[in-house]
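Next come the chains, spelled out residue by residue.
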Amino acid sequence: MDYIFKTNNLCKNYGSFAALKDVNMEIPKHSIYGFVGKNGAGKTTLIRLLCGLQTPSSGSYELMGIKNDSADILKARRKLGAVVESPAIYKDLTARDNLIQQCIMLGLADLKNVDELLDIVGLSDTGKKKAKNFSLGMRQRLGLAIALCGNPEFIILDEPTNGLDPQGIIEIRELVIKLNKERGITFLISSHILDELARMATHYGFIDKGHIVRQMSNESLRKESHKAIKMTVNDTKLLAKAIESRGLKYKIIDNRTADIYEDINFSEMAKLCDKTECIIEKMEENEENLESFYLSLIGGGKNV
Amino acid sequence: MFRIFHADIRKMIHDKGFRTCLMVNILYQFFSVLILKTINILYPKIVLYADAVAFNYGTISTFLIFASTLITTTSDYSDGCIRNKIISGASRVNIYLSWAACGLLHGLIHSVAACITSFLCNLIFFLKWDTYTAQEILYYWLIITLSCMALGLFSTTLVMILGGYKASYIVGLSIVIVMKIVSLEVLDKLYPENGICTLTGFKLCLYQFLEKYLPFFYPMMRPHYGLFTYMMGIGGITVISLILGLVIFKRKEIR
């Protein structure tokens with residue numbers, strides 16, 4: 001498999017604090033890589049190293065096959081676009097002028113793609129409005145348009161849906177998927193909205209306390225995800241008695257709800273409950289999602 | 001480097017801070033002459049000469065250059081645009097050199113604007129030259145322009161070193177204020193209005209050194225040293241700024 005970004009025992013220390021410890025991570029080409037971790041887990045530090053904003057304490061990385069200590073790394077970065085933390089925009093310029101600015105900086109003589117990019121991100125009708133008067137969502141979209149200048153092969157988005165309204169979130173998601181499918185652009189997306197990430201990512205990397213805990217494809221995640229039947233009953237003690245008679249795996253959530261982790265059909269379940277006089281109020285099949293998988297992997301906690 | 005420089009000049013021209021400082025520069029020249037002319041009309045004994053107008057810019061030049069470069073460069077940092085340049089594959093050396101060139105350009109543009117405004121004011125108000133020849137005035141503008149360019153570079157380097165934090169404003173403007181106070185003290189002691197200079201020994205040497213080789217002092221007085229002396233001071237601050245800027249910015253971790 002071809003990788004657009006690969007690290008080799010990458011470490012980053014801030015004084016005595018190790019922000020990244022022996023990180024080994026691979027981002028396959030043409031993938032949408034969802035980068036998941038708590039606040040302070042090391043996501044932004046890794047992104048900063050990748051972007052050349054900081055230097056590794058030890059270890060190395062390869063960007064588009066070029067090592068970080070090679071002089072050609074700057075050439076590789078010209079095929080990189082990123083929106084790290086907040087979008088980098090010139091506030092006294094219009095959206096169009098911001099894109100022209102980026103094109104000039106990249107040495108692109110042809111400015112024809114400026115209008116196309118504005119159209120792609122839905123900012124073509126902003127006219128002479130200066131970027132400082134843009135909403136947060138508009139700024140995010142302008143940041144993405146700037147990242148798209150120069151036809152990048154790899155785009156990094158750090159919290160791309162921050163501050164966006166539901167419509168904006170959907171638009172960014174659809175844009176990412178479209179660019180990935182149509183232009184083959186690889187994306188590295190760090191997001192706290194796991195549900196949103198699950199809708200677009202093809203691969204995942206889970207980071208905790210500076211370590212990559214797990215990397216997997218979307219298919220692997222689906223295979224490893226458990227199916228569960230969520231039941232709402234009059235008394236979970238009666239339900240437990242019924243389930244134990246068949247030796248099924250289960251988890252009591254509260255005195256009226258429980259999850260059953262077995263592939264059992266609804267009529268069988270109803271028969272079992274009938275035996276213990278447990279009344280079923282509601283019964284539905286749930287698939288373990290990215291959030292629950294993440295919680296089971298990292299061990300839960302706040303600030304996901 | 002030239003594509004970054006091209007982009008930076010474009011940004012500088014569009015920058016509200018730069019435009020405001022340029023406007024303040026021009027309006028200050030114009031209104032100060034207008035006020036002086038009004039005084040002249042009301043009290044004909046007080047004669048207004050073109051010399052006074054020409055040397056007007058020197059009183060605010062350092063503050064203007066620092067404000068202009070601090071606002072422009074700090075916003076480039078805080079808005080993430082320097083970060084964006086690095087991400088886009090620009091080398092840190094090129095980014096710094098481009099901004100250093102912009103710092104020089106700030107000084108040049110402000111000085112040229114002030115020079116043109118002062119000459120226009122002379123034409124508008126029919127002012128005559130008193131004691132200075134055209135050659136002396138041109139020499140003054142040459143020295144003040146070069147010193148403003150060097151100070152623009154120094155101020156830009158300060159922001160690049162401090163990393164675009166608001167502290168850049170505090171440090172930058174504190175330097176201007178301290179230098180203003182020091183220059184007033186030094187020049188007052190070296191050239192007292194009444195009597196002769198009473199300084200001796202180390203203090204005299206130190207004060208003369210500051211006056212000769214610190215470009216912060218140049219706009220405060222009519223030039224009275226040779227070009228070589230002034231170039232030593234201007235060259236000195238330029239080289240020190242460039243070396244410090246390159247060494248520190250190359251290693252700096254960007255926010």
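Residues numbered from 1 in each chain as written. Chains lettered and ligands numbered in written order. Predicted model: local features only at pLDDT ≥ 70, side-chain atom pairs only at ≥ 80, totals over all residues.

### Quick word on the overall build of chain B
Link 1 in the chain: Broken down by element type, chain B carries ten helices and zero strands.
Link 2 in the chain: In sequence order, the secondary structure elements of chain B are arranged as α-α-α-α-α-α-α-α-α-α.
Link 3 in the chain: Structurally, chain B occupies a C-alpha span of about 65 × 50 × 30 Å along its principal axes.
Link 4 in the chain: Across the 255 residues that make up chain B, the buried fraction comes to 40%. (Helix = DSSP H or I, 4+ residues; strand = E, 2+ residues; numbered from the N terminus. Buried ≥ 20, exposed ≤ 12 C-beta atoms within 10 Å, placed from the backbone.)

### Comments concerning the overall build of chain A
Link 1 in the chain: Looking only at helices and strands, chain A features eleven helices and 15 strands.
Link 2 in the chain: Taking the principal axes of its C-alpha atoms as reference, chain A extends roughly 80 × 45 × 35 Å.
Link 3 in the chain: In chain A, which comprises 304 residues, the proportion classed as buried is 40%.
Link 4 in the chain: If you take every contact in chain A between residues at least 6 apart in sequence, the share linking residues at least 24 apart comes to 70%. (Contact = placed C-beta atoms within 7 Å.)

### What to know about the environment of Tyr43(B)
Link 1 in the chain: Of note, Tyr43(B) is situated in the loop between helix H2 (16-42) and helix H3 (50-54).
Link 2 in the chain: With 182 residues separating them along the chain, Tyr43(B) and Tyr225(B) place their C-alpha atoms 35 Å apart.

### Digging into the interface of chain B and chain A
Reports often express the size of an interface as the amount of accessible area lost when the parts come together.
Link 1 in the chain: Facing 23 residues of chain B, the contacting portion of chain A comprises 25 residues.
Link 2 in the chain: Residue assignment for the side of chain B that touches chain A shows that the elements contributing at least two residues are helix H1 (2-14) and helix H5 (81-87) of chain B.
Link 3 in the chain: Of the residues forming the side of chain B that touches chain A, the biggest block, seven residues, is contributed by H1(B).
Link 4 in the chain: For the side of chain B that touches chain A, a count of residues per class yields seven nonpolar, seven polar and nine charged. (Nonpolar A, V, L, I, M, F, W, Y, C, P; charged D, E, K, R; others polar.)

### Observations concerning the environment of Lys43(A)
Residue and element names in this part refer to chain A.
Link 1 in the chain: Structurally, Lys43 can be placed in helix H1 (residues 43-51).
Link 2 in the chain: Each C-alpha atom, one on Lys43 and one on Ile212, is 9.8 Å from the other, the two residues being 169 residues apart in sequence.
Link 3 in the chain: Those residues in contact with Lys43 that lie beyond four places of it in its chain are Phe35, Gly37, Ser190 and Ile207.

### Considering the confidence of the model for chain A
One rule of thumb: low pLDDT means the predicted coordinates there are not for detailed reading.
All names here are of chain A.
Link 1 in the chain: Across chain A, the average pLDDT comes to 86, with 97% of residues at 70 or higher.
Link 2 in the chain: Looking at the elements of chain A, mean pLDDT is at its lowest for helix H11 (residues 290-298), recorded as 74, and at its highest for strand E9 (residues 186-190), recorded as 93.
Link 3 in the chain: Note that residues 300-304 has pLDDT below 50 and, in this model, eight contacts with residues that lie over four places away or in other chains. (pLDDT = per-residue confidence, 0-100.)

### Looking at the confidence of the model for chain B
Residue and element names in this part refer to chain B.
Link 1 in the chain: Per-residue confidence for chain B gives a mean pLDDT of 88; residues scoring 70 or more make up 100%.
Link 2 in the chain: No element of chain B has a lower mean pLDDT than H3, at 77, and none a higher one than helix H10 (residues 227-251), at 93.
Link 3 in the chain: Two numbers describe this predicted complex: its pTM, 0.80, and its ipTM, 0.79.

### Brief notes about the sheet that holds strand E11 (residues 211-217) of chain A
Residue and element names in this part refer to chain A.
Link 1 in the chain: Spatial strand order, E7-E8-E9-E4-E10-E11: six strands in an open sheet with mixed pairing. Single-partner strands in this sheet number two, and they are strand E7 (80-83) and E11. The sheet shows a mean angle of 15° between the axes of neighbouring strands, direction not considered.
Link 2 in the chain: Relative to E9, strand E4 (residues 32-37) is paired through four bridges, and the arrangement is parallel. Bridging from a neighbouring strand, Gly34 pairs with Ile189 of E9. (Pairing = 2+ DSSP bridges. Axes fitted to C-alpha atoms, helices over the stretch in contact; angles between N-to-C directions.)

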